[in-house]
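Coordinate inspection notes
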Amino acid sequence: MKKIKVAVNGYGVIGKRVADAVQLQEDMELVGVCDVIFDWRIKIALRKNYPVYAFDINFQKQMMENNITTEGTLAELIKISDIIVDCTPKKIAAQNIELYKKAGLKFIVQGGEKHETTGHSFSAENNYATALGLQSTRVVSCNTTSIVRTLTALKNAGLLGKARGTLLRRAVDPWESHLNGIMNTLVPEQDIPSHQGPDAQTVDPSLDVLTVAVKVPETLSHLHYWNVQLTKKATKEEVLAAFGTSSRTAFIDYADGLTANNTVKELMLSLNRPYGDMYEVALWQDMLKVVGDELFYAYLVDNQAIVIPETIDAIRALTGLETKAENSIRKTNESLGIRREGFI
Ligand SMILES: NC(=O)c1ccc[n+]([C@@H]2O[C@H](COP(=O)([O-])OP(=O)(O)OC[C@H]3O[C@@H](n4cnc5c(N)ncnc54)[C@H](O)[C@@H]3O)[C@@H](O)[C@H]2O)c1
């Protein structure tokens, strides 16, 4: 089978996970990872035998001086790739896309970039088909991915009226908590709505969704509370059946001891997930409540992990490796250990 050659630019929190996930796909080959760093983080890539590239000759020189063996620069990596996933920090990817466009290379950016950088925003269970054969797309952010994923399930079941959510956002990525975390406070976002609601509409403009957000002093995951006006009176069973159609939404229960985000993190570690990652939205089944035509529920989002399966599907959609969403989603889910039956 001909494998699609995938490059990853930016080997940070998201990039290193994307690289590992690409390695697991039978229809993809990781041709290289590119970065500007020369400390332990990129040494891990070498240890995994990933070909390492530097952004340009200046960074290549710095890497060489620090005993990091490089295969070349980004320009050279671009030449041997079919598609590149740009996982560099917010706003840097937007500067790189001219290089990709000039080379006629397909590319994916992450949620830190604006919708306008690609003109298409991606979430597999909602709009895979519209990304088929495009030159580029943006995999929406962690929070937005969870919103689109869950609301799409309600929409497809004909239940979604309007959705209003409160997002408790983790303060910072765990590995950077010594730098700019917050402590002993809660930091509400000044603007209502927060950007995640409008961002979900870049994937699906039909979603009537509004969000508010507050930053909280922990690093494990985001926690969302939702209040949905349903299109009609419904039973709890009907709503659970709707969420159950999303293969990447998994139910958790208080009754099973999963009463907080640290216990869910421990579950992921106990399952031997890489980095303790949770690709699914973990939605509390026994907490969920339907009152007439109103629905209330809460779920957890692992910000570092949820976009990884989406990125793998976006690679298949852009390159046309799979024309049907369900085939790509199934392959990705199997490779990452995402099970229809849930976590256990
Ligand atoms: N961290 C998350 O939880 C999360 C979740 C969803 C989406 N995202 C999005 O993913 C993207 C990447 O975020 P991240 O958290 O992985 O960032 P990160 O800072 O952890 O990693 C970025 C990597 O890119 C490297 N880099 C910087 N400039 C570069 C350049 N010019 N060329 C090559 N490499 C360069 C950095 O050295 C670093 O290793 C952003 O758009 C972000 O908004 C992040």
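Refer to the structure presented above.
Residues numbered from 1 in each chain as written. Predicted model: local features only at pLDDT ≥ 70, side-chain atom pairs only at ≥ 80, totals over all residues. Heavy atoms only, no water.

1. Remarks on the overall build of the protein chain
For the protein chain, the count of helices and strands is 13 helices and 16 strands. Whereas a compact globule of 344 residues would reach a radius of gyration of roughly 20 Å, the protein chain reaches 20 Å, a difference of no more than 12%. Once the C-alpha set of the protein chain is aligned to its principal axes, its extents read approximately 65 × 45 × 40 Å. By residue count, 52% of the 344 residues in the protein chain fall in the buried class. Within the protein chain, contacts between residues at least 6 apart in sequence are counted, and of these 72% link residues at least 24 apart. Split by element, the accessible area of the protein chain, about 15200 Å² in all, is 53% carbon and sulfur. Averaging the locations of the 38 positively and 41 negatively charged side chains of the protein chain gives two centres separated by 2 Å. (Helix = DSSP H or I, 4+ residues; strand = E, 2+ residues; numbered from the N terminus. Rg over C-alpha atoms; globule rule 2.2 N^0.38 Å. Buried < 20%, exposed > 50% of the residue type's maximum accessible area, 1.4 Å probe, protein only. Contact = heavy atoms within 4.5 Å. Areas by Shrake-Rupley, 256 points an atom, 1.4 Å probe, with all protein chains shown as cover. Lys, Arg positive; Asp, Glu negative; His and termini not counted. Charge placed at Lys NZ, Arg CZ, Asp CG, Glu CD.)

2. Focus: the site of the ligand
Of all residues adjacent to the ligand, which total 21 residues, the nearest are V13, I14, D35, D173 and N303. Taking I14, its main chain carries an N or O atom lying 2.9 Å from an oxygen atom of the ligand. Protein chains shield 85% of the accessible area of the ligand, which is 830 Å² for the free molecule. Of the residues in the shell around the ligand, the class split is 10 nonpolar, 8 polar and 3 charged. In this structure, the shell around the ligand is formed jointly by two domains, domain 1 (4-140 + 307-336) and domain 2 (142-301), each of which donates at least three residues. (Near = heavy atom within 4 Å. Polar contact = N/O pair within 3.5 Å; in protein donor to acceptor, adjacent residues only side chain to side chain. Nonpolar A, V, L, I, M, F, W, Y, C, P; charged D, E, K, R; others polar. Domains from an automatic or database assignment.)

3. Side note on the sheet that holds strand β6 (residues 106-109)
Read from one edge of the open sheet, 8 strands run β4-β3-β2-β1-β5-β6-β8-β7, paired in parallel fashion. The open sheet has two free edges, formed respectively by β4 (72-73) and β7 (121-122), since each of these has just one partner strand. Strands in contact with helix α1 (residues 13-23) are β1 (4-9), β2 (28-35) and β5 (83-86); relative to β2, the strand with the most contacts, it is inclined by about 160°. Along the sheet, helix α5 (residues 92-102) contacts β1, β5 and β6; its crossing angle with β6, the most-contacted strand, is approximately 170°. (Pairing = 2+ DSSP bridges. Axes fitted to C-alpha atoms, helices over the stretch in contact; angles between N-to-C directions.)

4. A word on the packing of helix α7 (residues 142-156) against helix α9 (residues 196-203)
One way to put it is that α7 packs onto α9 with a least axis distance of 9 Å and a crossing angle of 60°. Taken together, α7 and α9 sit at an angle that is classed as oblique. You can see that α7 and α9 cross each other, and the crossing is right-handed. Seen from α7, the contacting residues are N143, T144, I147 and V148; seen from α9, they are Q196, D199, A200 and V203. Looking at side-chain class alone, the contact of α7 with α9 contains 4 nonpolar, 3 polar and 1 charged residues. (Parallel < 35°, antiparallel > 145°, perpendicular 65-115°, else oblique. Left-handed = near helix turned anticlockwise from the far one by under 90°.)

5. With respect to the environment of Y50
Mapped onto the elements of the fold, Y50 is located in the loop between α2 (40-47) and β3 (52-54). With 126 residues separating them along the chain, Y50 and E176 place their C-alpha atoms 24 Å apart. When near neighbours in sequence (up to four residues on either side) are disregarded, Y50 contacts Y11, A19, D20, Q23, L30, V33 and A45.

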